[in-house]
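Secondary and tertiary structure notes
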Amino acid sequence: MFVEYVWLTVLIPLLCFVIVGALGTRIRHGGGLITVAGAACSFIIALLASYEFFTSSDYSEVGYVTESLEWFTVGFGSTSFTISIGYYLDSLSCLIMMFASFISTLIFVYSLGYMGDQGIKKRRYFAEVALFLTGMIGCVTASNMVQMFIFWEIMGLCSYLLIGFWGFGHPEAKQKASAAKKAFLVTRAGDVCLMGGMFVLFFEMGSLDYVTIFNGANLAAADPEMLALASLLIFGGAIGKSAQFPLLDWLPDAMAGPTTVSALIHAATMVKAGVYIVARCFPLFCMNSEVMLFVAIIGGVTAFFTATMAMNNFNIKKVLAYSTLSQLGYMFLALGAGGYLFALGIEEGSEELMAAGALGYTAATLHMANHAFFKACLFLGSGSVIHSTGTEDMRLMGGLGRKMPITSITMLIATLSIAGFPFFAGFWSKDLVLDVAMDAFKDAADPTCYVFILLWFLGVVTAFMTAFYMFRLWFMTFSGKARENAEHCHGESPRSMALPLVVLSVFALAFGFVLLIGYDGIFTIELVAGNWIVGGQAGEPGFHWIEHLFTNPYTYLTIVLVLVSISLAYLMYSRGSVNPGKFNKDGQSLLYRVIANRWYLPEIYDQTSWKLGYGVAKCVDYFDRNIIDGSVNGLANAVIGGGDAVSKAQDGNVHTYSAVVILGIVLLFAVAAALVIFYGVIA
């Protein structure tokens, strides 16, 4: 009843984009109320469709429901292929569709207050965020990869427009415009890889419809090397969109946009698309264990290195940006480790290994949902602080807990969640991520499994750093003595900004308990009789997850590390009994300077661009001007010159025309004689 209307979740925000873009200046709040209403309607439809999907036995056997119609056909006869447009709904689609629309609705409500002083610019803002939501929901509900790619690119366009929102008429307009261009260009590199993966996949499978390419029999019959190449190229798209190593430098600079845009990009849309495409293509990736090993390595390395960059940064939004990169790395680590076990299970026919591998999918998708809630709360909370203090520098804050109690408490809940404090939402998924990394080391007999003990260690160290730098942020902002900007704080933000924080903090606290109330099937995947089944129906309470975590000694290790890091942050940045300068020689130590300079990755990228990219661009420019344009211009000049030469024979003199006729006859006879001689020699 409701599933068949899921396409409205895409159409409604698209209509809001058109209406607000055309008439926003004539509507109150620049059309913001229309955008809020559209996002809310999308969420309601998504919620009803998802509830029907999870509770109806009609979908439990196949694990998905799809409907499509023919869009266009390319080619003729047996060589033609058809591109369709439609929706494909499974538990992964439902999960992302629900939290994207729900969190976007709260962010749009928050924007009514946060962007209230933007005047005529509000129309552009609310139109663009509506299109942003359209892109994300369209991406996760698409029935094929071509349709998905269209909405994927819509998100890329919207990120460029929104990151550069203040690229005109702003004191730092040049830097903000540069950040927008950087995000657009870097993500395009990943998009080219994704497109290449689609070409390879179409060449091998003959279709890009999900029903066809994720069919177990079709995957088993395909060339493994071609599937591995397609998987790696698709993962390249995920690296660009989710800002993983080495394409990670654009996301911190994306903080140039409004804080609400940062919340959208980091929590509800955009960077989650990279995790989505790997989770969506999990059956494809599991055809090769080495591909999944590569995914895990990229995730583990990104999680660790980006966490270090947050340790000494003083910009409240950039600390959160680095934490997003780190948490996304956790998700890829879980998918990679789980997929590695699943791939080995398929090769060996081991149900036990496949069950262990499915845990990685569960951990990654659960952490994706948890991260959406606590990161949205953290970004909107930081926006509330910036709105009241007029600065993003935490060194100018302090003591805001007394002046902004709602923001303080809600951000504390979200901070406890991202730190993995016991029983908060982030605790359940973070420990599952580390568990699956350890399982990949213990359960696999392949020698390459020893890589996972290192990845597990990096994950544990990352958990320690996450708790430290997040509580460093909270203590520097809300506790201690009020510093320069905090003394002139405007107080708590308006209700339109405070209410979304309260709602998000509730989910940041409690969403992890979805595992225990019977909805853990949302986060499952299995291979049954050669067919991939994503998700399952609501079932019995899942108290076995408590046993799984609390009978594992590694869980207590991470709990102790989290408590130690929180205590250390308290002593350094709240009580002041430990001087942070002792550890970094007041910012002069080599490690401190390396981390403060992002491990010199921006400089490496700049030098690579200038010395390699610029050189390649000059060669391409030379080839274009002298070979491509030269050939075309040379042909045109030859035609013009030939025409000028021939036109001289048209002088009106009879003897000239006679000479031309005689010359023509002679040439014809010469050609005829040459042909006779040629064929005579052959005969």
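Use the structure listed above.
The notes below deal with the structure included here. This structure is a prediction, so every number in the text was calculated from the model and none was measured.

**Thoughts on the pattern of salt bridges**
Taken as a whole and judged by the stated rule, the model has 8 salt bridges. As a salt-bridge pair, aspartate 393 and arginine 395 come within 3.1 Å of each other at their nearest N and O atoms. Between arginine 625 and aspartate 621 there is a salt bridge; the shortest N-O distance is 3.0 Å. On the criterion of helical spacing, the pair formed by arginine 625 and aspartate 621 is a turn pair, its members being 4 residues apart in helix H26 (residues 601-647). Its relative accessible area of 55% is what places arginine 625 among the exposed residues. Aspartate 621 sits in the partly exposed class, given a relative accessible area of 35%. Sharing partners across several salt bridges, the network here consists of Glu153, Arg188 and Asp191.

**What about the packing of aromatic side chains?**
Any pair of aromatic rings gets described here by the distance separating the centres and the angle formed by the planes. According to the stated counting rule, one finds 38 aromatic pairs in the structure shown. Arranged with centres 5.0 Å apart and planes meeting at 80°, the rings of tyrosine 125 and phenylalanine 126 form a pair that is edge-to-face. Residue tyrosine 125 is classed as buried on the basis of its relative accessible area of 0%. Here the aromatic rings of phenylalanine 475 and tyrosine 570 are separated by 5.7 Å at their centres, their planes lie at 65°, and the arrangement is edge-to-face. One end of the pair, phenylalanine 475, is in helix H20 (residues 451-478); the other, tyrosine 570, is in helix H23 (residues 553-575), and 95 residues separate them in sequence. Residue phenylalanine 475 is classed as buried on the basis of its relative accessible area, which comes to 9%. Taken together, the aromatic side chains of Phe423, Phe427, Trp428, Phe513, Phe550 and Tyr556 make up a single cluster linked through ring pairs. Lying over the aromatic face of tyrosine 210, arginine 280 brings its terminal NZ or CZ to 5.5 Å of the ring centre.

**Details of helix H15 (residues 316-348)**
An α-helix turns once per 3.6 residues; consequently, residues spaced three or four apart project the same way. Between the first and last C-alpha of H15 there are 48 Å, a value that for 33 residues agrees with the 48 Å anticipated at 1.5 Å per step. Taken across its 33 residues, H15 has 29 buried, putting it largely inside the fold. Here H15 starts with a cap whose side-chain oxygen sits 3.0 Å from the backbone nitrogen of lysine 317, and that cap is asparagine 315. Just beyond H15, the residue with positive phi is glycine 349, at close to 65°.

**Focus: helix H14 (residues 289-310)**
Its 22 residues place the ends of H14 32 Å apart at the C-alpha level, agreeing with the 32 Å of an ideal helix rising 1.5 Å per residue. For H14, a buried count of 17 out of 22 residues is recorded, marking the element as mostly surrounded by other parts of the structure. Where H14 starts, the residue carrying a side-chain oxygen 2.9 Å from the main-chain nitrogen of glutamate 290 turns out to be asparagine 288.

**Looking at a nonpolar patch on the surface**
A contiguous nonpolar surface patch, about 590 Å² in accessible area, is contributed by Tyr5, Trp7, Leu11, Leu14, Leu15, Ile19 and Leu23. Structurally, leucine 23 can be placed in helix H1 (residues 8-23). Judged by its relative accessible area of 39%, leucine 23 falls in the partly exposed class.

**Let's talk about the packing of helix H6 (residues 173-205) against helix H9 (residues 224-241)**
At a minimum axis separation of 7 Å, H6 and H9 run at an interaxial angle of 155°. In terms of orientation, H6 lies roughly antiparallel with respect to H9. Taken as a pair, H6 and H9 cross one another with a handedness that is left-handed.

**Looking at the environment of leucine 194**
As for its position among the elements, leucine 194 is in helix H6. Separated by 38 residues in sequence, leucine 194 and leucine 232 place their C-alpha atoms 8.9 Å apart. The residues touching leucine 194, leaving out its near neighbours within four places in the chain, are Met145, Met148, Phe149, Trp152, Leu233, Ile234 and Gly237.

**Comments concerning the side chain of serine 42**
With respect to the helices, strands and loops of the structure, serine 42 is situated in helix H2 (residues 32-55). Given the relative accessible area of 0%, serine 42 is considered buried. Discounting residues that sit within four places of it in the chain, serine 42 has contacts with Leu8, Thr9, Ile12, Pro13, Ser101 and Ile137.

**Looking at the layout of surface pockets**
There is about 1,300 Å³ of room inside the largest pocket. Taken together, 40 residues line the largest pocket, and the ones lying closest to its centre are Gln175, Ser178, Ala179, Lys182 and Asp253. Elements represented by at least two residues in the lining of the largest pocket include exactly H6, helix H10 (250-253), H15, helix H16 (351-389) and H26. A total of 9 residues in the lining of the largest pocket trace back to one element, the largest contributor, which is H6. Each residue belonging to the lining of the largest pocket can be placed in one class, and the counts come to 18 nonpolar, 11 polar and 11 charged. Estimates place the volume of the second largest pocket at around 550 Å³.

**Re the packing of H16 against helix H19 (residues 425-443)**
Direction vectors running N to C along H16 and H19 enclose 150°, while the axes themselves pass 8 Å from each other. Compared by their axis directions, H16 and H19 come out roughly antiparallel. The interaxial crossing formed by H16 with H19 has left-handed handedness. The segment H16 lies against H19, with Leu353, Ala356, Leu359, Gly360, Ala363, Leu366, His367, Asn370 and Phe374 engaging Ala425, Gly426, Trp428, Ser429, Lys430, Leu432, Val433, Val436, Asp439 and Asp443. Class assignment for the residues of the contact of H16 with H19 results in 11 nonpolar, 5 polar and 3 charged.

About the criteria used
The residue numbers shown here count from 1 along each chain, following its written sequence. In view of the model being predicted, local features appear only for residues whose pLDDT reaches at least 70, and side-chain atom pairs are presented and counted only at 80 or more, with totals across whole chains, interfaces and linings using the full set of residues. To get the side-chain values, all heavy atoms of the structure are used, and hydrogens and water are removed first. We count a salt bridge whenever a side-chain nitrogen from Lys or Arg sits within 4 Å of a carboxyl oxygen from Asp or Glu. By the criteria applied, helices consist of DSSP H or I runs no shorter than four residues and strands consist of E runs no shorter than two, each listed in order from the N terminus. When a residue's accessible area, from a 1.4 Å probe over protein chains only, is under 20% of the maximum for its type it is buried; when over 50% it is exposed; and in between it is partly exposed. Two rings from Phe, Tyr or Trp (for Trp, the six-membered ring) form a pair when their centres are within 6.5 Å of each other. A pair whose planes differ by under 30 degrees is stacked, one over 60 is edge-to-face, and the rest are tilted. The criterion for a charge sitting over a ring is simple: Lys NZ or Arg CZ within 6 Å of the ring centre, and within 35 degrees of the ring normal. Expected span of a helix: the number of residues minus one, times 1.5 Å. Counted as a polar contact is a pair of N or O atoms within 3.5 Å, where, for protein atoms, one must be capable of donating a hydrogen and the other of accepting one, and residues adjacent in sequence contribute only when both atoms are in side chains. Like-charged residues are merged into a patch within 9 Å and nonpolar side chains (Val, Leu, Ile, Met, Phe, Trp, Tyr) within 5 Å, provided each residue has over 30% relative accessible area and no salt bridge. Each accessible area is a Shrake-Rupley result for a 1.4 Å probe, and residues are judged covered by the shown protein chains and nothing else. Convention adopted: a line fitted to C-alpha atoms gives each axis, helices being fitted over their contacting stretch, and angles between N-to-C directions are expressed from 0 to 180 degrees. Throughout, the term roughly parallel applies to angles under 35 degrees, roughly antiparallel to angles over 145, roughly perpendicular to angles from 65 to 115, and oblique to all others. Helix crossings get a hand from a simple test, with the near helix turned counterclockwise from the far one by less than a right angle marking a left-handed crossing and a clockwise turn marking a right-handed one. Contact criterion: two residues are considered in contact whenever any of their non-hydrogen atoms come within 4.5 Å of each other. Lining residues are defined by having an atom within 4 Å of a point belonging to a cavity or pocket. Those points lie on a 1 Å grid over the protein atoms alone, cavities being sets where a 1.4 Å probe fits but cannot get out and pockets being open sets with protein on both sides within 12 Å along at least five of seven lines. Grid points are joined across faces, edges and corners, and a volume is the space filled by probe spheres set on the points. Here the term charged refers only to Asp, Glu, Lys and Arg, the term nonpolar to Ala, Val, Leu, Ile, Met, Phe, Trp, Tyr, Cys and Pro, and the term polar to all other amino acids, Gly among them.

Such coordinate-based values are descriptive only and should not be taken to indicate function.
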